Amino acid sequence: MSRQIVLDTETTGLSAEGGDRIIEIGCVELLARKLTGNNKHFYLNPGRDSHEDALKVHGISSEFLRDKPRFEAVADELLDYLRDAEIIIHNAQFDVSFLNKELELIGRPALGQFVGSVTDTLAMAKEMFPGKRNSLNALCDRLGVDNSTRTLHGALLDAELLADVYINLTRGQDALLMDLEPGDNQGTVTTRMDLRGFDLPVLPASEQEAAAHEDVLKQLDKSSDGKTVWRTLAPAAAPFMA
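A few points on the structure. Source: prediction; values computed, not measured.

1. Some details on the overall build of the protein chain
A count of helices and strands for the protein chain gives nine helices and eight strands. The 242 residues of the protein chain split such that 36% are buried. For the protein chain, the share of sequence-separated contacts (at least 6 apart) that also reach a separation of at least 24 residues comes to 62%. For the protein chain, the computed accessible surface area is about 14,900 Å², with 52% contributed by carbon and sulfur atoms.

So, in C-alpha cells, the structure goes:
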C-alpha cells in the first residue's frame, strides 16, 4: 500500500548554510491517499534566536523553545517514521536543505538515503497553474481547502492543509489507468478509464432544450452561408432529437 508523508518545517530564518535551524517539524501520513491520523509533530530547540522576519511568520519564541529537545534527540524517531515513504513538501528544496543540514551536523546521511522519494507540490502547482500565485494560501483558496485557522505559519497545520491541497491537486489519478502506446508514439502517456462498472444513464434533452439547440445551429448556418460541417458532410442527417 502506498505510504506518503506530507511534511513541513518552520525555521529560524532562510539559510541553513548560513546557520539557521529547524524549530518545528510537522508530518501527516496518507495511506492510499487517505489521512490515517498517524502524524508526527516536534518542536525543537535550535540553539539560536529566530530572525525578526521569521518570528513574524511563525510566532514561535526562543523562550517557548528553550526546554524543547535538540534535533539529534528526535532524529531516529523522525527517520524511522519517514523511512521508505514518498515525502510530499511545498517548496521541497527549502525544507530538504534544512533537514539535510541538521542530519549533516549529527553525522547522518542526507534525507534521500532514508526516504523513497520527494514530491514538490510547488513544482506541481506551477505546472498546473502557470503564471498564477501558487503559495499554500493561494492553492487553498483555488482548490476550496479551508485555511481560515491559519493566522500564523505552523508546521503541523500547514502539513494538514498541504495534505488536502495535494489530494485535490491529484484527484482522479487513482481512477485512471496509465499506459504507454506502442509504435510511433513511444513515450506518449495516454489515459484510459474502465467504465464497465458504471451504469451510465441516458438523459434525453427536453423539447425546449432541443429547440434551443436547433436555433443555435440555424444561427451558425446563417453566419456561414450554409457551409457548416454538420450540413455539408451530412446533409441528409435527421434533425436533432427528431
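2. Some remarks on unusual backbone geometry
Most peptide bonds take the trans configuration, and most residues that are not glycine carry a negative phi. The residue Asp-84 is not glycine, and still its phi comes out positive at about 70 degrees. Looking at where Asp-84 falls in the secondary structure, it is placed in the loop between helix H3 (71–82) and strand S5 (86–89). Located in the positive-phi region is Asn-91, a residue other than glycine, with phi close to 65 degrees. Looking at the secondary structure, you find Asn-91 in the loop between S5 and helix H4 (92–105).

3. A look at the packing of helix H5 (residues 121–128) against helix H7 (residues 155–169)
It is at 11 Å that the axes of H5 and H7 come closest, and there the two elements cross at 40 degrees. Here H5 lies oblique to H7, going by the angle between them. Judged by the twist between their axes, the crossing of H5 over H7 is left-handed. For the pair formed by H5 and H7, the contact residues are Thr-121, Met-124 and Met-128 on the first element and Leu-162, Tyr-166 and Leu-169 on the second. Of the residues contributing to the contact of H5 with H7, the split by class is five nonpolar, one polar and no charged.

4. Section: the pairing of strand S1 (residues 3–11)
Most of S1 sits out of view: eight of its nine residues are buried. Where S1 and S5 come together, three bridges link them in parallel fashion. By the bridge assignment for S5, Val-6 is matched with Ile-88.

5. A short note on the pattern of salt bridges
Opposite charge on two side chains lets them pair, provided their charged atoms get close. The tally for this structure, following the rule as stated, stands at nine salt bridges. Shared partners join several salt bridges into a network, and the residues in it are Glu-17, Lys-101 and Glu-104.

6. Some words on the nonpolar core
Counting 26 residues, the largest nonpolar core has Ile-25 and Leu-82 as the members making the most contacts within it. Secondary structure elements with two or more residues in this core: S1, strand S2 (22–31), H3, S5 and H4. Of all the elements, H3 adds the most residues to this core, at seven residues. Of all hydrophobic cores here, the second largest spans 18 residues; its members include Val-6, Ala-125, Leu-136 and Leu-139.

7. What about the packing of aromatic side chains?
In this structure the tally under the stated criterion is two aromatic pairs. With a centroid separation of 4.9 Å and 85 degrees between ring planes, the pair formed by Tyr-43 and Phe-64 is classed as edge-to-face. Of the two residues, Tyr-43 sits in strand S4 (residues 40–43) while Phe-64 sits in helix H2 (residues 62–65), which places them 21 residues apart along the sequence. Overall, Tyr-43 belongs to the partly exposed group, its relative accessible area being 28%. Just above the ring of Tyr-81 sits the side chain of Arg-3; from NZ or CZ to the centre is 5.1 Å.

Cut-offs used in this document
- For every chain, the first residue of the written sequence is number 1, and numbering continues from 1 onward in sequence order.
- Local features in this predicted model are restricted to residues of pLDDT 70 or higher, and side-chain atom pairs are both shown and tallied only at a pLDDT of 80 or more, whereas totals for entire chains, interfaces and linings draw on every residue.
- For side-chain calculations, the full set of non-hydrogen atoms in the structure is used, while hydrogens and water are omitted.
- Numbering goes from the N terminus for both helices and strands, where a helix is a DSSP run of H or I of at least four residues and a strand is a run of E of at least two.
- Between buried and exposed lies partly exposed: a residue is buried under 20% and exposed over 50% of the maximum accessible area for its type, with that area taken using a 1.4 Å probe on protein chains only.
- In what follows, residue pairs with any heavy atoms lying within 4.5 Å of each other are defined as contacts.
- Per-residue accessibility takes into account occlusion by the displayed protein chains alone, with areas from the Shrake-Rupley method and a 1.4 Å probe.
- Here, axes are lines fitted to C-alpha atoms. For helices the fit covers the stretch in contact, and angles between N-to-C directions go from 0 to 180 degrees.
- Note that the term roughly parallel is reserved for angles under 35 degrees, roughly antiparallel for angles over 145, roughly perpendicular for angles of 65 to 115, and oblique for everything else.
- We call a crossing left-handed when the near helix sits turned anticlockwise from the far one by less than a right angle, and right-handed when that turn is clockwise.
- Each residue is assigned to one class: nonpolar for Ala, Val, Leu, Ile, Met, Phe, Trp, Tyr, Cys and Pro, charged for Asp, Glu, Lys and Arg, and polar for all the others, Gly among them.
- Whether two strands pair depends on DSSP finding at least two bridges between them.
- Counted as salt bridges are all cases of a side-chain nitrogen of Lys or Arg within 4 Å of a carboxyl oxygen of Asp or Glu.
- Nonpolar core, defined: a set of buried Ala, Val, Leu, Ile, Met, Phe, Trp, Tyr and Cys residues in which side-chain atoms within 4.5 Å join the residues together.
- Between rings of Phe, Tyr and Trp, where Trp is taken as its six-membered ring, a pair exists when centres lie within 6.5 Å; planes separated by under 30 degrees are stacked, by over 60 edge-to-face, and by other angles tilted.
- Either the NZ atom of lysine or the CZ atom of arginine qualifies as a charge over a ring when it sits within 6 Å of the ring centre and within 35 degrees of the ring normal.

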